[in-house]
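Overview (structure and organization)
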Amino acid sequence: MHWELEIVLYIFLVISAVVSLHVKDLLTAVVSLSVFSYILAMLFVSMGAIDVGFTEAVVGAGITGVLYVVMIFRTTRRTND
Amino acid sequence: MKHGSSSPIILLLSRVLSPYIMLFGMYVIFHGHYSPGGGFQGGALLASSIILIRIAMEEKVHQLHFNKAYGIPLGAVGVLIFFGVGFISLIMGGYFLDYSLLPFPGMITAELRFYGILLIEVGVGLAVMTILVAIYDNLLEEDDDESI
């Protein structure tokens, strides 16, 4: 892969990681974490580790996003006490 | 988390998309020898197709093709397939997971290794799929217990 495209991917990787750490809304954080995982999978593939990239795309961007969203819908903003 | 959605676009899209994800998961499992992928990735793809149906459909429909009660027993069957192949080759006098000693009659060593790896991949894929779906079901089950 061309190095210019890789630099763009690295910049978006850092941006999505910082956004998912500092954003207030939890659902936005989960979506940003899925974006981070997918960009990381593309970088793995570009470095030649196709198997690791495949696992990252399936598990990081697919399954854990769904599980995080389910856990967020089970929380409440104010406590019941 | 309440199930189901009234939007016909979501229902149609998940209903059309889910069998193709499942077919791709089968492809990844059965071509795990000579291409990227294998049991874990294929099992995760199968689980994601089942979870897609569970999110989109209504409460009455979403467990028709994979019931909640089958989750943990089928996972145990997958682990039994994996360790069964390993221990059969251990009993026949080799190392653990030594595929060339499997007792299939009339096969040369290369064919024995091929089908041994295929059995391992099927066992791992079955275990990963059922356990991921069981985790999702268990997260939703506790919701009903606390509300009582």
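Since we're looking at a predicted model, the values are computed, not measured. (Residues numbered from 1 in each chain as written. Chains lettered and ligands numbered in written order. Predicted model: local features only at pLDDT ≥ 70, side-chain atom pairs only at ≥ 80, totals over all residues.)

Looking only at helices and strands, chain B has four helices and zero strands in total. Traced from its N-terminal end to its C-terminal end, chain B shows the element sequence α-α-α-α. Taking 148 residues into account, the globule formula puts the C-alpha radius of gyration at 15 Å, and chain B, at 19 Å, lies well above it. Seen along its three principal axes, the alpha-carbon backbone of chain B occupies a region of about 60 × 35 × 20 Å. Looking at chain B residue by residue over its 148 residues, the buried ones come to 30%. Pairs at least 24 residues apart make up 66% of the contacts formed inside chain B by residues separated by at least 6 positions. (Helix = DSSP H or I, 4+ residues; strand = E, 2+ residues; numbered from the N terminus. Rg over C-alpha atoms; globule rule 2.2 N^0.38 Å. Buried ≥ 20, exposed ≤ 12 C-beta atoms within 10 Å, placed from the backbone. Contact = placed C-beta atoms within 7 Å.)

Okay, the interface of chain B and chain A next. If you look at the interface, chain B gives 15 residues, while chain A gives 14 residues. Among the elements of the structure, α2 (39-56) and α4 (109-147) of chain B are those that each provide at least two residues to the side of chain B that touches chain A. Considering every element that reaches the side of chain B that touches chain A, the biggest residue donor is α2(B), with seven residues. Among the residues forming the side of chain B that touches chain A, the class breakdown is eleven nonpolar, three polar and one charged. (Nonpolar A, V, L, I, M, F, W, Y, C, P; charged D, E, K, R; others polar.)

The next thing to look at is the confidence of the model for chain A. Averaged over all residues, the pLDDT of chain A equals 89, while 95% of them reach at least 70. Within chain A, the element-level pLDDT minimum falls on helix α3 (residues 50-73) of chain A, averaging 89, and the maximum on helix α1 (residues 3-22) of chain A, averaging 94. (pLDDT = per-residue confidence, 0-100.)

Before going further, it helps to examine helix α1 (residues 8-30) of chain B. Between its first and last C-alpha, α1(B) extends 34 Å over 23 residues, near the 33 Å set by a 1.5 Å rise per residue. Buried residues of α1(B): Met22(B), Gly25(B), Val28(B) and Ile29(B), and no others. (Expected span 1.5 Å × (residues − 1).)

Ala44(B), Ala47(B), Ile50(B), Val128(B), Met129(B), Leu132(B) and Val133(B) are the most contacted members of the largest nonpolar core, which totals 27 residues. Secondary structure elements with two or more residues in this core: α3 of chain A together with α1, α2 and α4 of chain B. When residues no more than four places from it in sequence are discounted, the contact partners of Ile50(B) are Phe66(B) and Val133(B). Residues Val30(A), Leu33(A), Phe36(A) and Ala41(A) belong to the second largest nonpolar core, which totals six residues. (Core = buried A, V, L, I, M, F, W, Y, C linked by C-beta atoms within 7 Å.)

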